[in-house]
Amino acid sequence: MSSKLDSPIQTQMAVAVMRSPLSTEYRGGNKSIEGEKQPAGRRRVFVQTDTGCVLSMELDRGDNAHTVKRRLQVALNVPTEQSSLTFGDLVLKNDLSAVRKDSPLLLTRNLIHRSSSTPCLSPTGRDMQQRDKSGIIEILGQSNHLNRMKDMVKDVVKAIKMGADPIPVHSGLGGAYYFLNSRGENAAIVKPTDEEPFAPNNPKGFVGKALGQPGLKRSVRVGETGFREVAAYLLDYEHFANVPPTALVKITHSIFNVNDGVNGNNTQRKKLVSKIASFQQFIPHDYDASDHGTSSFPVAAVHRIGILDIRILNTDRHAGNLLVRKLGSFDQVDLIPIDHGLCLPEALEDPYFEWIHWPQASIPFSEDELSYIAKLDPAQDCDMLRAELPMIREACLRVLVLCTIFLKEAAAFGLCLAEIGEMMTREFRSGEEEPSELEVVCLEARKMLVEREELSPSPRTDLGEDYFQFDIDCDEAGSDFNPKMAMDDPLTRSPKPIFGNGYARSPLSKLDESIEEGEEGSDGEYPEGPANPTHDGNIPPVSKLSVSLKNTMLSEASQKHQTYFGGKSDTDAYFANTSSGHRSANEQLPASISFVKLVDMTEDEWTMFLEKFVDLLYPAFARRKSITLGQRQRQRLGTSCQF
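1. Some remarks on the overall build of the protein chain
Turning to step 1, where the next piece is worked out: Helices and strands together make up the secondary structure of the protein chain, namely 16 helices and 16 strands.
Turning to step 2, where the next piece is worked out: Excluding contacts between residues fewer than 6 apart, the proportion of contacts in the protein chain whose partners are at least 24 apart in sequence is 76%.

Structure (structure tokens):
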């Protein structure tokens, strides 16, 4: 594996602030608040190192990143040289005014070789009480949406003080714990971010990554599943899909796991340790969907969960994270979706929808469901998430916007849940992973955008010093790594295309020739569909576009796949040696190809891309409808011929 995939920081690039990222039809809600400065008075923050150590501290008006680092070094005895203090996509320097009250910050190291032999030296016992004045459980952020969680937190804290010990959850790949209420009942499930799969303090042997590096899914970083759990709850308006209330917390207890970094053994048993964790209300249930026949599941429940999964591009909706609760007699049940840590990836991923082949998913949406979908406003969603979860990355928000637009347009066109899910899901043919129909549309929209930029080139002037992209495919640039220097370094510069004069042309420009070749050798007919007022003859049929993609993009993706996963690099060997036989992240990561990235576009390019994207959706929907009708006709023919 290339060593460049194991760093939380790559090339310094501008993060395009999505103030009005959509076409006129989709604009709405308040303007982006990402650039607004917060009051610079005294406020509390929670700082986490990339090994999982957590410390709360009060920031004064004159404090800066160097002040925070010095306090961490004194309190936790952790090295802070050659490190960066990050807040989502921001790298904090002198100005900390963008940091809000009760926000989580992450201290990442820029060293090319991260030693995993140094355990997390969290403050313990009397030392912690002297240095960390926060409570046992503190909700991060000041959201009004989480008011209902405050009473639950108080009850759990009461139970802890009464001596009620949490219960470790032995299933799953990451660390999780049931915390009890004052009545001795399961009240919440807590998942520390540094105990995720491949995180430094994973209690089940899945180790080998620092916080901020690519995780179980390459576009979801280690340590960032917690805020995604909260995002899924916040996006579940009106409790439509039944997501349990979830908050991001700083929580202190002796039950948590801390590895020594060499062999995964716990080093601080029975000592107090502070963690950043997701805190989700425990919902009593009877079993999960894997233990029950799916035919009895309510159509409405399946649809509502599917609608949420599409919006957030859930890459992990399997039967085990759908809880089933009986409702009285007559075999009536309700579904509760949990485990949303692998949603909202930083690039378009191959989702996993367990419900995609359930018969309920092929039933058309009800009027209530169509009305709910029509009211969704992705611009307001982004504004809300920036306000509630300021550490969320711009790349995640763009995925949310794209998938929400796709859902809204597909539902209005008349597609059912199964058809929408199939368009988002990749296929494997002849051993190769092909882009989904959604990704095909995105690739063609980017091609059209590149061609437009080449006709009217303009230099990019939006590169700033404070905003840059943390790309998920990132380079290690040595112990003296400077993000600003990486812009001019060809060894660390991202290979993906950048629009504008003087930059390399996108490989998608080769699609023209492939489309012409596909027209000569393909007998596929483009189905007639509803008229699209913005569609013109310059947009090629998606059926022919898919042929061109197979000839151009997949060969390049296969080469990248072989480069990234074909053999072990020095970094792989390093992690393998330091894990002492434990399952390292580099050995366990599944192969994954990213066909489409969205965050490398400027705001203007992003707006134009979305306009082209919407234009291209109508022929894609019509083709999907024709495929579905053809499958149904073949099924009816097969039934009528049975004697």
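From this point, the discussion proceeds with the structure in view.
2. Structural notes on the sheet that holds strand β1 (residues 43-49)
Turning to step 1, where the next piece is worked out: Across the sheet, which stays open at both edges, the 5 strands sit in the order β2-β1-β5-β3-β4 with mixed pairing between neighbours. Edge positions in the open sheet fall to β2 (54-59) and β4 (90-92), since each of these has one partner strand only. Pairs of neighbouring strands in the sheet enclose a mean axial angle of 35°, with direction left out of account.
Turning to step 2, where the next piece is worked out: Taken together, the 4 bridges between strand β3 (residues 83-87) and strand β5 (residues 103-109) define a ladder with antiparallel strand orientation. Considered in β5, the bridge of S83 is made with R109.
Turning to step 3, where the next piece is worked out: Against the sheet, helix α1 (residues 65-76) engages β1, β2, β3, β4 and β5, with an angle of about 135° to β2.

3. A word on the packing of helix α6 (residues 367-375) against helix α8 (residues 394-413)
Turning to step 1, where the next piece is worked out: Where α6 meets α8, the axes come as close as 9 Å, and the angle between the chain directions of the two elements is 140°. Here α6 is positioned oblique relative to α8, judged by the angle of their axes. Of the two elements, α6 crosses α8, and the hand of that crossing is left-handed. Within the contact between the two elements, α6 uses L370, I373, A374 and K375 and α8 uses L407, K408 and A411.
Turning to step 2, where the next piece is worked out: Here the residues of the contact of α6 with α8 sort into 5 nonpolar, no polar and 2 charged.

4. A word on the sheet that holds strand β11 (residues 273-281)
Turning to step 1, where the next piece is worked out: Pairing is antiparallel across the open sheet formed by 6 strands, whose spatial order is β6-β10-β11-β9-β8-β7. Both outer strands of the open sheet, β6 (137-139) and β7 (167-168), are each paired with one neighbouring strand and no more.
Turning to step 2, where the next piece is worked out: As paired strands, strand β8 (residues 177-180) and strand β9 (residues 186-192) are joined by 4 bridges and run antiparallel to one another. Bridged to Y177 within β9 is V190.
Turning to step 3, where the next piece is worked out: Its contacts with the sheet put helix α3 (residues 147-161) on β6, β8, β9, β10 (246-253) and β11, and the angle it makes with β6 is roughly 170°.
Turning to step 4, where the next piece is worked out: Packed on one face of the sheet, helix α4 (residues 225-235) meets β9, β10 and β11 and runs near 145° to β10.

5. A closer look at the environment of V596
Turning to step 1, where the next piece is worked out: Secondary-structure assignment places V596 in the loop between α15 (585-588) and α16 (603-640).
Turning to step 2, where the next piece is worked out: Taking the relative accessible area as the measure of exposure, V596 reaches 2% and is therefore buried.
Turning to step 3, where the next piece is worked out: Separated by 154 residues in sequence, V596 and C442 place their C-alpha atoms 7.0 Å apart.
Turning to step 4, where the next piece is worked out: Ignoring anything within four residues of it in the chain, the contact list for V596 reads A347, L348, E439, C442 and L443.

Rules used throughout
Residues numbered from 1 in each chain as written. Predicted model: local features only at pLDDT ≥ 70, side-chain atom pairs only at ≥ 80, totals over all residues. Heavy atoms only, no water. Helix = DSSP H or I, 4+ residues; strand = E, 2+ residues; numbered from the N terminus. Contact = heavy atoms within 4.5 Å. Pairing = 2+ DSSP bridges. Axes fitted to C-alpha atoms, helices over the stretch in contact; angles between N-to-C directions. Parallel < 35°, antiparallel > 145°, perpendicular 65-115°, else oblique. Left-handed = near helix turned anticlockwise from the far one by under 90°. Nonpolar A, V, L, I, M, F, W, Y, C, P; charged D, E, K, R; others polar. Buried < 20%, exposed > 50% of the residue type's maximum accessible area, 1.4 Å probe, protein only.

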